[in-house]
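Report on the structure
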Amino acid sequence: MAESSESALMSVRARAAYSTAEREFSLLLKRSLDDLLQGKRNRLDILRKYPSDAGRLGIIPTPGGFPLDELRLPTLEQLTWHALRFVQSDGDGGPIVQLQDAGGGVVEVQTFPTKYPHIVIERVDHFGQGPMPDSITWSLYRVQNQRAQTQFNRLLDATNLLFELVRLVR
């Protein structure tokens, strides 16, 4: 990585030291994020951490036969944080909503804005009996279906064009 005040966009950087499996994961993560941004999916559970178990990490689903044992946790976490920072805006999170789960624990949910008005980051903290979370999950999800909205807008545009055509013909 370049050690300068230049942005990641403009700076020169050394090649990332990814294993073959990490290269595959980075491509899978990018495609999953692209699918969310393009409206091909509505939710992406992107990262789960277990604060009491530093050697455990939850990641996006991988296809069957994916070489999970060849992935390094620090690299996976770094890739995932890069994806989250890519969409994150500078805004504060919304209120922390607290719910009781069926097992007697507590779930806290907080939503954060992104640069994309139709996508938010959702942070979910799962608490057992103690004051610290057992797990924290970060997900990206759509608050509107852009594809459905676009199709509806096209229908309105076509209807308006039809009315204009009828008005001009008269």
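Please refer to the structure higher up on the page.
Along each chain, numbering runs from 1 in the same order as the chain's sequence is written. Restriction of local features to residues with pLDDT of at least 70 applies here, the model being predicted, together with a cutoff of 80 or more for giving and counting side-chain atom pairs; totals for whole chains, interfaces and linings are based on all residues. As a rule here, side-chain values cover all heavy atoms of the structure and leave hydrogens and water aside.

On to the sheet that holds strand β4 (residues 106-113). Strand pairing in a sheet takes place through backbone hydrogen bonds and is either antiparallel or parallel in direction. Any two strands with at least two DSSP bridges between them are considered paired. Secondary structure elements follow DSSP: runs of H or I no shorter than four residues count as helices, runs of E no shorter than two count as strands, and numbering proceeds from the N terminus. Read across the sheet, 6 strands follow the order β2-β1-β6-β5-β4-β3 without closing on themselves; strand pairing throughout is antiparallel. Of all the strands in the sheet, the pair left with one neighbour each is β2 (57-59) and β3 (97-100). The sheet shows a mean angle of 20° between the axes of neighbouring strands, direction not considered. Strand direction decides the pairing type here: strand β5 (residues 119-127) and strand β6 (residues 135-142), joined by 8 bridges, are antiparallel. When the sheet's bridge partners are listed, Glu 122 is paired in β6 with Ser 139. All axes are obtained by fitting lines to C-alpha atoms, using only the stretch in contact for helices, and the reported angles, taken between N-to-C directions, cover 0 to 180 degrees.

Let us now look at the packing of aromatic side chains. Here the aromatic set is Phe, Tyr and Trp, taking the six-membered ring for Trp, and pairing holds for ring centres within 6.5 Å; pairs whose planes are under 30 degrees apart are stacked, those over 60 apart are edge-to-face, and all others are tilted. A full pass over the atoms with the stated rule returns 2 aromatic pairs. With centroids separated by 4.9 Å and ring planes inclined at 70°, the aromatic side chains of Trp 81 and Trp 138 adopt a geometry described as edge-to-face. Here Trp 81 is found in helix α2 (residues 73-87), whereas its partner Trp 138 is found in strand β6, with 57 residues between them in sequence. Owing to a relative accessible area of 25%, Trp 81 belongs among the partly exposed residues under this scheme. Considering the side-chain rings of Phe 86 and Tyr 116, the 6.5 Å spacing of their centres and the 45° angle between planes classify their relative orientation as tilted. On the criterion of sequence distance, the pair formed by Phe 86 in helix α2 and Tyr 116 in the loop between β4 and β5 is long-range, its members being 30 residues apart. Remark: exposure states derive from per-residue accessible area (1.4 Å probe, protein chains only) relative to the maximum for the residue type, with buried under 20%, exposed over 50%, and partly exposed in between. On the basis of relative accessible area, Phe 86 is assigned to the partly exposed category, the value being 42%. Given a relative accessible area of 25%, Tyr 116 falls into the partly exposed group. The residue whose ring lies beneath Arg 56 is Tyr 50, and the NZ or CZ to ring-centre distance is 3.7 Å. Over a ring means this: the NZ of a Lys or the CZ of an Arg is within 6 Å of the ring centre and within 35 degrees of the ring normal.

This next bit is on the environment of Phe 66. In this structure, Phe 66 sits in the loop between β2 and α2. Linking Phe 66 and Ala 21, residues 45 residues apart in sequence, is a C-alpha distance of 7.8 Å. Any two residues whose heavy atoms approach within 4.5 Å are treated as being in contact. Not counting residues up to four positions away in its chain, the partners in contact with Phe 66 are Ala 21, Glu 24, Phe 25 and Leu 71.

What follows is about the pattern of salt bridges. Take a side-chain nitrogen of Lys or Arg and a carboxyl oxygen of Asp or Glu: if they are within 4 Å of each other, that pair is a salt bridge. Throughout the structure, instances matching the rule amount to 6 salt bridges. Arg 43 is the salt-bridge partner of Asp 45, the closest N and O atoms lying 3.1 Å from each other. A salt bridge links Glu 77 to Lys 49; the nearest nitrogen and oxygen atoms lie 2.6 Å apart. In this pair, Glu 77 is assigned in helix α2 and Lys 49 in strand β1 (residues 43-49), connecting sequence segments 28 residues apart. According to the relative accessible area criterion, Lys 49 is partly exposed, its value standing at 27%. Several salt bridges converge on common partners, so that one network encompasses Arg 43, Asp 45 and Glu 122.

Nothing here speaks to function; it is geometry throughout.
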